[in-house]
Amino acid sequence: MNPITTKVRAGSELHCEVVDWLDTEAELLDDGHEARWLEEMVSREVIYQMPLRQTVERARGAGFEEHAFHLDETYGSLASRVARNQTLYAWAEDPPSRIRHFITGVRVSEAEDGLVAVRSNLLVMRTRQEMTQPQTFAGERRDVLRREDGVLRLYRRTILLDLTVIGTHNLAIFF
Amino acid sequence: MTTTEHRPGEQPVGLSADHLLRQLDEGLPAGEIPAALFGNEDVYRHELRSVFGRCWVFLAHESEIEARGDYVLRKIGEDNFVVVRDEEGGINVLFDACRHRGVQVCRADSGNTSHFRCPYHGWTYNTKGDLVGAPLWRNAFGGMSKEGNGLVPAAKVASYHGLVFATLDPSAPPLAEYLGGMTWYLDLVFGLNAEGVEVLGPPQRFVIDANWKSGADNFSGDDYHLGTLHRSVWEIGAFPVPFRENMLGYHIQASPGHSLSFSMAPTEDEPGPKFFGYPEELTKTFDTSRISAHQLDVARRSRVFVGNVFPNFSILALPMTEDGANHPPTGILTIRTWQPKGPGQVEVWNWFCAYKNMTPEQKDRAYKAGLGTFSMGGSFEMDDTEPWITVSRTGRSVAAEVLDFKLNYQMGMPGIGIAKRVEEWPGPGIVYWTRYEEGVQRNLFSFYSRMMQAAPGQWPDFTFDDE
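Naming follows an unreviewed UniProt entry, where chain B appears as Rieske 2Fe-2S domain-containing protein of Pseudonocardia bannensis. In the Sequence similarities (unreviewed entry) part of its UniProt record, chain B is described as follows: "Belongs to the bacterial ring-hydroxylating dioxygenase alpha subunit family."

See the structure below:
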């Protein structure tokens, strides 16, 4: 992302387009249309990462690792995950989890090279089978959207969870 | 109405650990294990003391704490220990509790430091754990000896191929004796060349509502589950050896408690993956500098190595890819611990390793392939945790207790299936050909039972009678 970026005011045309984009994405993921999400909203050159986090002393920062991850995906590996979920043996998500993405605090910046940087707060709630207490994932997404053939697509996504120890049996869902 | 009396430590309801261990001893020769072992609270309390409070447990890899002052915070059972390299280069394993009031002195997961200072009153320790001071020392403690007031170390600490283990029991045998025949097999994974292995980053940690023994049981050599639970991975091309083909190989009870399994073709010149699928440029560097020609040959023929060091340290090496359409499978090496967190909870710590002499590109490929398959977001492992959750639910159920529910561990017993004992084998242990076999898991539970019932200071045998 070009470092020279301009903050885009909430309510402006681009900001509205981005919020709309995020809501559409959340709808596809929550409705289980991950194949459509991948096909229609994700760039073929995407890098999609959830860095590993440790508790560290304040002087060392937030504790996110640069080179270690919970998820480190390309379009090919995301496609592989989507294909896996469509086999008859994807026990982890069959029966599927009920998931809900809550996206708030959307902040948009536009770079000189036309890329759009988006920071948002993320809350994903997940229940399976007879669970009554959802697994929750709170954190932040740092996305870069790129206009490809006039359509915004997910070009970079970094998911920064508030957790160091992940309290769920797998990460078979999409963030 | 009469009052029921309970001895101290005995559960007011439910089966006692003693009862279940007797059932285990009676059932094991017939391949039966009481399901309640996977959820019973009394069993769990005994495990923390008799297994985790005594056995050698894995804590860290030396490459995580290479510089003086480097530390990581780790667990023995449910308790925190600082693993720290001191100013002289030695590795210390220190109970994370201030000697003054028992307060946590290490509050980060990793870092580099010259000292640990208790946040309560300021008692301060060096990286050997020695007490070096406290505020206004002369007024407060003048005349009191610092010696003897340091952080409490684990009873014994030792490394094997850079794998750091510790035990809380001073009566524990030396690590090599405890590992027994398993050393031969650890050598042929971690000692394949002179450089050895390193970890690629800090461990992933995730918590599953399952019992820690499900992980140990699975990695002792449960190859049969691949055909059903992991069937999806063949459909997406993540693993190159077909299920039926992959069931060929050896099941090995390396020594009491420690088991492993090799996927291996019956003939030496089969075209499939060699050396767990590592690239040829790397495998050219595998040699006999640290292992025997026999060990090198076994490693060369291995498509998959999976094993568990009792109680909760597992190792897996095999060819994997996270994206079969774009990258062929390549060798990955993961090591992990199944940290107990209650009878129905386990915290998985998962590290990826690489041979130190791999190129940055090879390490990156191996890391991505490992992360995309054997991690909480990986195509293999995301399915594993599903059944383990319900093993533990069955284990803590009233139904399992009152219906006397036993789990079936009979695969490969005499007259059952095709597995046969192998006499011609270059390494130690009790060896079976073809992996349709659950003796590897019975070995885990047999040693487990003996540890659970061993008197303080007493240890079970570390060699088999009939080897």
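Peer 1: Kindly report on the nonpolar core, identifying the contributing residues and their values.
Peer 2: All names here are of chain B. Counting 172 residues, the largest nonpolar core has Val-57, Leu-59 and Val-83 as the members making the most contacts within it. Considering every element that reaches this core, the biggest residue donor is strand β19 (residues 346-355), with eight residues. A domain split of this core shows at least three residues from each of domain 1 (57-160) and domain 2 (177-453).

Peer 1: Lay out the sheet that holds strand β6 (residues 110-112) of chain B with the relevant residues and their values.
Peer 2: Strand pairing in a sheet takes place through backbone hydrogen bonds and is either antiparallel or parallel in direction. Residue and element names in this part refer to chain B. The strand order β5-β4-β3-β6 describes an open sheet built from four strands, whose pairing is antiparallel. Only two strands of the sheet have a single partner each, and these edge strands are β5 (91-95) and β6. On average, each strand axis in the sheet is inclined to that of its neighbour by 30 degrees, with strand direction left out of account. Of the pairings in the sheet, the one linking strand β3 (residues 70-76) to strand β4 (residues 79-85) comprises six bridges and is antiparallel in character. From the neighbouring strand, Leu-73 faces β4, where its bridge partner is Val-82.

Peer 1: Give me the environment of Gly-102 of chain B: which residues, what numbers.
Peer 2: Residues and elements named next belong to chain B. Tracing the sequence through the fold places Gly-102 in the loop between β5 and β6. Judged by C-beta crowding, with 12 C-beta atoms within 10 Å, Gly-102 ranks as exposed. Distance from Gly-102 to Val-43, taken between C-alpha atoms, is 27 Å for residues 59 residues apart in sequence.

Peer 1: Please provide a residue-by-residue account of the packing of helix α1 (residues 13-30) of chain A against helix α2 (residues 34-41) of chain A, values included.
Peer 2: Residue and element names in this part refer to chain A. Running from N to C, α1 and α2 cross one another at 150 degrees; their axes reach a closest spacing of 7 Å. Here α1 is positioned roughly antiparallel relative to α2, judged by the angle of their axes. On the side of α1, the interface is formed by Glu-25, Leu-28 and Leu-29, while α2 contributes Glu-34, Arg-36, Trp-37 and Met-41. For the contact of α1 with α2, the residue count by class is four nonpolar, no polar and three charged.

Peer 1: Describe the UniProt feature "domain: Rieske" (unreviewed entry) in chain B, listing the residues and the values that go with them.
Peer 2: Sites flagged by UniProt as "domain: Rieske" (unreviewed entry) map to residues 56-154 of chain B. Structurally, residues 56-154 of chain B is divided into 5% helix and 36% strand, and its ends, taken at the C-alpha atoms, are 10 Å apart.

Peer 1: Quick one: what's the story with the interface of chain B and chain A, residue by residue and with numbers?
Peer 2: Counting from both sides, the interface comprises 34 residues of chain B and, opposite them, 34 residues of chain A. Elements supplying a minimum of two residues to the side of chain B that touches chain A: β6, β13 (204-208), α8 (231-235), α12 (360-371) and α13 (381-395) of chain B. Of the residues in the side of chain B that touches chain A, the class split is twelve nonpolar, twelve polar and ten charged.

Analysis parameters
- All residue numbers here refer to positions counted from 1 along the written sequence of the relevant chain.
- For naming, the first written chain is A and the first written ligand is 1, with later ones following in the order written.
- Only residues with pLDDT of at least 70 are given local features in this predicted model, and only at 80 or more are side-chain atom pairs given and counted; all residues enter the totals for whole chains, interfaces and linings.
- UniProt positions are given in the numbering used here, feature names are shortened, and annotations may be inferred rather than shown by experiment.
- In these notes, a nonpolar core means any group of buried Ala, Val, Leu, Ile, Met, Phe, Trp, Tyr and Cys residues linked to one another through C-beta atoms within 7 Å.
- Neighbour density around each residue's C-beta defines its exposure: 20 or more other C-beta atoms within 10 Å make it buried, 12 or fewer make it exposed, and counts between make it partly exposed, where C-beta atoms are placed from the backbone.
- Numbering of helices and strands runs from the N terminus, with a helix taken as a DSSP run of H or I at least four residues long and a strand as a DSSP run of E at least two residues long.
- Where each domain begins and ends is defined by an automated method or by a domain database.
- Strands qualify as paired when DSSP identifies two bridges or more between them.
- Between the N-to-C directions of two axes lies an angle of 0 to 180 degrees, each axis being a line fitted to C-alpha atoms and, for a helix, fitted only over the stretch in contact.
- Should an angle fall under 35 degrees it is called roughly parallel, over 145 degrees roughly antiparallel, and 65 to 115 degrees roughly perpendicular, with every other angle called oblique.
- In this description, a residue-residue contact is defined by the distance between C-beta atoms placed from the backbone, which must lie within 7 Å.
- Side-chain classes follow a simple rule in which Ala, Val, Leu, Ile, Met, Phe, Trp, Tyr, Cys and Pro form the nonpolar group, Asp, Glu, Lys and Arg form the charged group, and the remainder, Gly included, forms the polar group.

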